[in-house]
Structures are given as C-alpha cells and as structure tokens.
Amino acid sequence: MKFKKKYPQKYESLFLFTNKVVMIRFRIICRKNITIMACIFCKIASGEIPAKKLFEDDKLVAFYDIQPQSPVHFLIIPKHHFASLNDLSADHVHLAGHILVTASNLARETGIDQSGYRVVFNTREDGGQSVDHLHAHILGKRKFLWPPG
Ligand code: DGP
C-alpha cells in the first residue's frame with residue numbers, strides 16, 4: 001500500500017481516527033444545512049416565501065400568522081435558524097431581549113398594548129411547537145384563558 005510505504009505504521013491509526021472525526025463533522029454540518037434549507041421560516045426570513053410582514057431588520061422578521069388564533073396574531077422570528085428556545089444560550093441574551101422589545105413595540109403599533117396580549121414560545125412536542133424554528137407568537141384582541149389548554 002502506498003500509505004504504508006510513505007508513513008510509519010504508528011501514524012496509520014492516527015490518520016484513520018482523524019479521517020473518521022472529519023467525516024462525522026461533515027455529516028453533522030450537512031444534516032444541519034439540509035434542515036435549514038427545508039425550514040419554512042428560514043424561507044420567509046430570506047424572502048423566498050411571501051408573508052405579510054410587520055417589521056424586519058438585520059436580526060428579526062415579524063409577520064402575521066397564516067392560521068390566526070385571535071384577531072391580532074403575529075410571529076417574531078430570528079433570521080438565524082434556531083430550532084427552538086432550547087438552542088439559546090448566554091451568547092444570545094441581546095437577541096432574546098430584541099425579540100421581547102420588538103414584541104412590545106409591535107403590540108403598541110397593532111393597538112393591543114392597552115387591552116392586553118399574550119406572548120408564547122411553544123417549545124418542542126409538549127409545548128405544541130409545529131415549526132422547528134424559534135418563534136414568538138403575539139396574540140391579542142380577545143380574552144385568553146389561564147391555565148392554557
Ligand atoms: P407553532 O405551532 O408554535 O410551531 O406555530 C407555528 C405557527 O406558524 C402556526 O400558528 C402557523 C404558522 N405558520 C406555519 N406556516 C406558516 C407560513 O408559511 N406562513 C405564515 N405566515 N405562518 C405560518
């Protein structure tokens with residue numbers, strides 16, 4: 001074998017191990033990119049799919065929900081793909097605050113700030129999350145029950 005002639009035996013297992021690690025990392029990156037390419041909210045964020053937008057900047061997009069659960073119902077999403085709230089860490093404190101301040105500003109602009117509204121981050125299966133891209137629901141112009149169903 002060419003490899004064995006060129007390198008001493010002791011390097012062979014190190015080479016195979018490094019190769020395996022590189023391949024595993026490559027597979028993880030591919031899987032993540034496929035998820036992002038298929039993500040409907042990433043497509044709305046990039047403009048590939050249309051949505052009725054209320055607000056957009058370099059970090060966030062806010063748009064009306066396609067299946068409104070109240071007279072005012074919009075979503076705020078980060079442009080960067082996070083599967084859920086579980087993916088946020090201390091590095092994302094500014095982004096998380098930006099989502100909440102935007103929710104407050106848009107609640108005022110849509111006229112629900114005084115009557116009241118609900119902000120919901122459905123997370124994973126028990127939370128009722130159906131789109132795996134972090135999003136805040138902002139719902140208003142009707143009374144909501146507590147505890148939620
Ligand atoms: P959740 O169940 O918490 O993951 O909420 C996802 C929401 O996203 C749901 O209320 C419907 C909404 N939605 C799903 N697809 C689209 C879409 O293509 N456009 C818009 N505007 N909303 C969508």
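Just above sits the structure.
From a predicted model like this one, the values you see are computed outputs, not experimental measurements.

Conventions used here
- Residues numbered from 1 in each chain as written.
- Predicted model: local features only at pLDDT ≥ 70, side-chain atom pairs only at ≥ 80, totals over all residues.
- Heavy atoms only, no water.
- Helix = DSSP H or I, 4+ residues; strand = E, 2+ residues; numbered from the N terminus.
- Buried < 20%, exposed > 50% of the residue type's maximum accessible area, 1.4 Å probe, protein only.
- Contact = heavy atoms within 4.5 Å.
- Patch = residues over 30% accessible without salt bridge, like charges linked within 9 Å, V, L, I, M, F, W, Y side chains within 5 Å.
- Areas by Shrake-Rupley, 256 points an atom, 1.4 Å probe, with all protein chains shown as cover.
- Salt bridge = Lys/Arg side-chain N within 4 Å of Asp/Glu carboxyl O.
- Pairing = 2+ DSSP bridges.
- Axes fitted to C-alpha atoms, helices over the stretch in contact; angles between N-to-C directions.

Attention shifts here to the overall build of the chain. For the chain, the count of helices and strands is five helices and five strands. Helices and strands appear in the chain in the N-to-C order α-α-α-β-β-β-α-β-α-β. Relative to its full complement of 149 residues, the chain shows a buried share of 28%. The long-range fraction of contacts in the chain, counting pairs at least 24 apart against all pairs at least 6 apart in sequence, stands at 55%.

Here we take up a nonpolar patch on the surface. A surface patch of nonpolar side chains, amounting to about 240 Å² of accessible area, comprises L100, Y117 and V119. Assignment of secondary structure puts V119 in strand β4 (residues 117–120).

On to the sheet that holds strand β3 (residues 72–78). Read from one edge to the other, the open sheet built from five strands follows the order β1-β2-β3-β5-β4, with strand pairing classed as antiparallel. For this open sheet the edge positions go to β1 (53–56) and β4, each flanked by a neighbour on one side alone. Averaged over all pairs of adjacent strands, the angle between their axes in this sheet comes to 15 degrees, without regard to strand direction. Pairing geometry for β4 and strand β5 (residues 136–140), over four bridges, is antiparallel. Paired with R118 across the two strands is L139, which belongs to β5. Here helix α4 (residues 93–109) sits on the sheet and contacts β1, β2 (60–64), β3, β4 and β5; the angle it forms with β3, its principal contact strand, is near 155 degrees.

Scope: geometric values only; no functional claims are made or implied.
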